[in-house]
Amino acid sequence: MEEEVRVIAIDGPAGSGKSTVARQLAERLGLEYLDTGAMYRSVAFAAMAREVDLDDSAGIVEVARSSDIRIDDAVVTVDGVDVTTQIRGPEVTRSVSTVAAISGVREVMRVRQRAWVMERGGGVLEGRDIGTVVFPDANLKVYLNASAEVRAERRAGEVSALDYETVAADLAARDAADSTRQHDPLIQAPDAIHIDTTLLSIDQVVDELIARLG
Ligand code: DC
């Protein structure tokens, strides 16, 4: 009998706790974890490095197709170069929503995300469209959210170079772009478990998800 492919999809806006929850859940379940946002960030980085204009959709799709993006837990490389730090910088953060709105880029990323899961026989994936588009038949779909203030505070704590007001404004603009774009916008799948993480610890969220898995 074929082994079951076990997929956990975690979606939600920036700062909702997705990455930390996904990483810990994967560890507890003995699965690997994929940060799909890092893939879109890598394309944005590669486009900037190759001086492809953000308005040039076809050019950016070509960048996505031809870039060798590897994510080994916390370390991200593009064409063999470690970009782990750069993809979290303000330049990439400000341009990534434009890159992620291009349907050709999403198509390339979707194919790679599905292949990543098939190679491993499952995994925990976090992003914006995992439960709605990439793995609509995932074993467990989770939508995490938190108040705008708490999400901005979490992000401001991670990005020491920027003040809270700037982080909050960037985050609001990015969420609006990600939720209203034409292709695969951030929306909650009807059958996803919704958890508001504003007042919860990571452990509480992970425990709740393990309990739901049964
Ligand atoms: O999770 P993050 O903030 O690192 O994601 C960066 C951007 O990538 C986010 O603004 C939207 C986009 N993204 C997406 O469109 N689809 C995904 N599955 C993951 C991220």
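Described in the following lines is the structure provided in the data block.

### Notes on helix α1 (residues 18–29)
Given a rise of 1.5 Å per residue, 12 residues ought to cover 16 Å, and the 16 Å separating the end C-alpha atoms of α1 matches this to within 8%. Of all the residues in α1, the buried ones are Lys18, Val21, Ala22, Leu25, Ala26 and Leu29. End-on, the buried residues of α1 take up no more than an arc of 130°, which puts them together on one face. After α1 finishes, the residue Gly30 shows a positive phi value of roughly 70°.

### Things to note about the sheet that holds strand β6 (residues 122–127)
As summarised here, the arrangement of the five strands in space is β2-β6-β1-β7-β8, forming an open sheet in which the pairing is parallel. Each edge of the open sheet is held by one strand with a lone partner, namely β2 (33–35) and β8 (193–196). Shown here is a sheet whose adjacent strand axes are inclined to one another by a mean of 20°, direction ignored. Contacting β1 (6–11), β2, β6 and β7 (140–145), α1 crosses the sheet at an angle of about 165° to β1. Contacts from helix α9 (residues 202–213) reach β1, β7 and β8, with the element oriented near 155° to β7.

### A word on the environment of Thr77
Looking at where Thr77 falls in the secondary structure, it is placed in strand β4 (residues 75–78). As a C-alpha pair, Thr77 and Ile87 span 10 residues in sequence and 9.9 Å in three-dimensional space.

### Digging into the pairing of β6
For β6, the buried fraction is high: six of the six residues fall into the buried class. On β6, burial covers both faces: Gly122, Val124 and Glu126 on one face and Gly123, Leu125 and Gly127 on the other are all buried. In this structure, β1 lies alongside β6, joined through six bridges in parallel fashion. Each bridged residue has a counterpart across the sheet, and for Arg6 the counterpart in β6 is Gly122. Two elements, β2 and β6, share three bridges in a ladder whose sense is parallel. Within β6, the position partnered with Tyr33 by the bridge is Val124.

### Regarding helix α2 (residues 36–49)
The end-to-end C-alpha distance of α2 is 20 Å, a good match for the 20 Å that 14 residues give at a rise of 1.5 Å each. Every buried residue belonging to α2 is among Thr36, Ala38, Met39, Tyr40, Arg41, Ser42, Val43, Ala44, Phe45, Ala46 and Ala47, and all of these are buried. Two to three positions downstream of the cap, the backbone nitrogen of Gly37 sits 3.1 Å from a side-chain oxygen, assigning the N-cap of α2 to Asp35. Where α2 ends, the next residue or the one after it, Glu51, has phi of about 55°, a positive value.

What counts, and where the lines are drawn
- Residues numbered from 1 in each chain as written.
- Predicted model: local features only at pLDDT ≥ 70, side-chain atom pairs only at ≥ 80, totals over all residues.
- Heavy atoms only, no water.
- Helix = DSSP H or I, 4+ residues; strand = E, 2+ residues; numbered from the N terminus.
- Expected span 1.5 Å × (residues − 1).
- Buried < 20%, exposed > 50% of the residue type's maximum accessible area, 1.4 Å probe, protein only.
- Arc of directions from axis to C-beta.
- Pairing = 2+ DSSP bridges.
- Axes fitted to C-alpha atoms, helices over the stretch in contact; angles between N-to-C directions.
- Contact = heavy atoms within 4.5 Å.
- Polar contact = N/O pair within 3.5 Å; in protein donor to acceptor, adjacent residues only side chain to side chain.

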